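Results of the structural survey
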Amino acid sequence: FAAAVLAGEVHLLGGNAGTVSDGTVSVTQTPFICVAAPCSQTVAGRVHFNRAHTAGIRGGLWYNGFGIAWEYTINGVTSVGGPGASPASVEVNFDSLSLLLMARTPPLRTASLPDSYLYAGLGASSVYGRFSVSAPPLAPMSATSSTAGLMILAGGSMRFSQHLMLFGEWRMQDLTFSYDNLGNSINIPFKVSEVILGAAYWY
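Structural notes, computed from the coordinates. Residue indices follow the written sequence of each chain, beginning from 1 at its first position. Residues qualify for local features only when their pLDDT is at least 70, as the model is predicted, and side-chain atom pairs are given and counted only at 80 or more; totals for whole chains, interfaces and linings, by contrast, use all residues. Side-chain metrics in this entry use all non-hydrogen atoms of the structure; hydrogen atoms and water are not considered.

Right, let's talk about the overall build of the protein for a bit. When helices and strands are counted, the protein shows 0 helices and 10 strands. In this setup the radius of gyration rests on C-alpha atoms only. A globule is expected at 2.2 Å times the number of residues raised to 0.38. By the compact-globule yardstick of 17 Å for 203 residues, the protein is too spread out, its C-alpha radius of gyration being 21 Å. Accessible area is worked out with a 1.4 Å probe on protein chains only. A residue is then buried under 20% of its type maximum, exposed over 50%, and partly exposed in between. Taking all 203 residues of the protein together, 42% fall into the buried category. Long-range pairs, those at least 24 residues apart, make up 67% of the contacts in the protein with a sequence separation of at least 6. To be clear on the numbers: accessible area is Shrake-Rupley with a 1.4 Å probe, and residue cover counts the displayed protein chains and nothing else. As displayed, the protein has an accessible area near 10400 Å², and 65% of this comes from carbon and sulfur atoms. Think of it this way: Lys and Arg go in the positive column, Asp and Glu in the negative one, and His and the chain ends go nowhere. A charged residue contributes its charge at one atom only: NZ of Lys, CZ of Arg, CG of Asp or CD of Glu. Within the protein, the 10 negative side-chain charges are centred at a point lying 7 Å from the centre of the 9 positive side-chain charges. Numbering of helices and strands runs from the N terminus, with a helix taken as a DSSP run of H or I at least four residues long and a strand as a DSSP run of E at least two residues long. Two residues qualify as a contact provided that any one of their heavy atoms is within 4.5 Å of a heavy atom in the partner residue.

This next bit is on the pairing of strand 5 (residues 66–79). Paired strands, in this sense, are two strands between which DSSP finds at least two bridges. In this structure, strand 4 (residues 49–63) lies alongside strand 5, joined through 13 bridges in antiparallel fashion. What sits directly across from Gly56, in strand 5, is Thr73. As consecutive antiparallel partners, strand 4 and strand 5 are separated by 2 residues, and within that stretch Asn64 has a phi angle of approximately 60°, a positive value. Direction of pairing for strand 5 relative to strand 6 (residues 89–104): antiparallel, over a ladder of 13 bridges. Bridged to Thr73 within strand 6 is Ser96.

The next point concerns the side chain of Ser116. Position of Ser116 among the secondary structure elements: in strand 7 (residues 115–134). By relative accessible area, Ser116 is classed as buried at 11%. With residues near it in sequence (within four places) discarded, Ser116 still touches Pro106, Pro107, Leu108, Ser157 and Met158.

Attention shifts here to the environment of Ala88. Within the secondary structure, Ala88 is located in the loop between strand 5 and strand 6. In this structure the C-alpha to C-alpha distance between Ala88 and Ala135, which are 47 residues apart in sequence, comes to 5.4 Å.

Attention now goes to the nonpolar core. We call a set of buried Ala, Val, Leu, Ile, Met, Phe, Trp, Tyr and Cys residues a nonpolar core when their side-chain atoms join them within 4.5 Å. Ranked by size, the top nonpolar core spans 24 residues in total, and within it Phe49, Phe177, Ile188 and Phe190 carry the most contacts. Of all elements in the fold, only strand 2 (23–29), strand 3 (41–47), strand 4, strand 6, strand 7, strand 8 (141–159), strand 9 (164–181) and strand 10 (184–202) reach the threshold of two or more residues within this core. Here this core takes 4 residues from strand 10, the largest share from any one element. When near neighbours in sequence (up to four residues on either side) are disregarded, Ile188 contacts Val25, Phe49, Val90, Val92, Phe131, Val133, Leu175, Thr176 and Phe177. Leu13, Ala69, Tyr119 and Trp202 belong to the second largest nonpolar core, which has 15 residues in total.

It is worth spelling out the packing of aromatic side chains at this point. What counts as a ring pair is set by centres within 6.5 Å for rings of Phe, Tyr and Trp (its six-membered ring), and what kind of pair is set by the plane angle: stacked under 30 degrees, edge-to-face over 60, tilted for all other angles. Inspection of every chain in the model, using the stated rule, returns 5 aromatic pairs. Arranged with centres 5.9 Å apart and planes meeting at 45°, the rings of Phe131 and Phe177 form a pair that is tilted. Separated by 46 residues along the polypeptide, Phe131 in strand 7 and Phe177 in strand 9 bring together distant segments of the chain. Comparing Phe131 with Phe177, the two get one shared label, buried. Consider the rings of Phe177 and Phe190, whose centres lie 6.0 Å apart with planes at 35°: the pair is tilted.

Let us look at empty space enclosed by the protein. Cavities and pockets are defined on a 1 Å grid built over the protein atoms alone: a cavity is a set of grid points where a 1.4 Å probe fits but cannot escape, while a pocket is an open set with protein on both sides within 12 Å along at least five of seven lines, and lining residues are those with an atom within 4 Å of any such point. Grid points are joined across faces, edges and corners, and a volume is the space filled by probe spheres set on the points. According to the stated counting rule, one finds 1 cavity of 30 Å³ or more in the structure shown. For the largest cavity, the calculated volume is near 140 Å³. Glu9, His11, Arg58, Trp62 and Met102 are, among the 15 residues lining the largest cavity, the residues nearest its centre. Ranked by the residues each element gives to the lining of the largest cavity, the list is headed by strand 4, at 5 residues.

Moving on: the pattern of salt bridges. Any carboxyl oxygen of Asp or Glu within 4 Å of a side-chain nitrogen of Lys or Arg constitutes a salt bridge here. Per the counting criterion, the structure on display carries 6 salt bridges. Between Arg58 and Glu169 there is a salt bridge, with the nearest N and O atoms lying 3.0 Å from each other. Taken together, the residues Arg58 in strand 4 and Glu169 in strand 9 connect sequence positions 111 residues apart. No difference in accessibility class separates Arg58 from Glu169, as the two residues are buried.

Rendered as structure tokens:
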């Protein structure tokens, strides 16, 4: 860069084919009135998750090759049941608010595209989750909780006009949702890895 430039972007993003790592999910239930010990029952097992979906908005400011961004997304993850699967069914929906530190390459210019960039980001997320678990012989359970997560992303953007950019990126988020109240508990750990596509307005 020959001179310092301050620029802003607003992104609309989405993806529907994220992969989710298998996780060991555990559920414990304790009856309100215990007649004979042991009162608590626990079911735990390896769960295979289905694909994840994500949609959201991101805003940011760049100062030459470095930037800062905030992002709000809504996300969903479901499990794949099967013979012998325990817990049998897990569903998680969560809202994520993230703050990211960003870095990008100098503009990659061609005759047809005025500006293209490769970029990467690292940040922390504040996450609010709503989840439900079915784990026979226990009764189905639903709960909510807040947690924190780490996000890593890398991608590329192409500028097609003075203000319009299209982008694609890979991202990974590491999360654990936990609930514990009056002897009833749920623990759901997983990692989401996905490819996101979107459009950005450059100003």
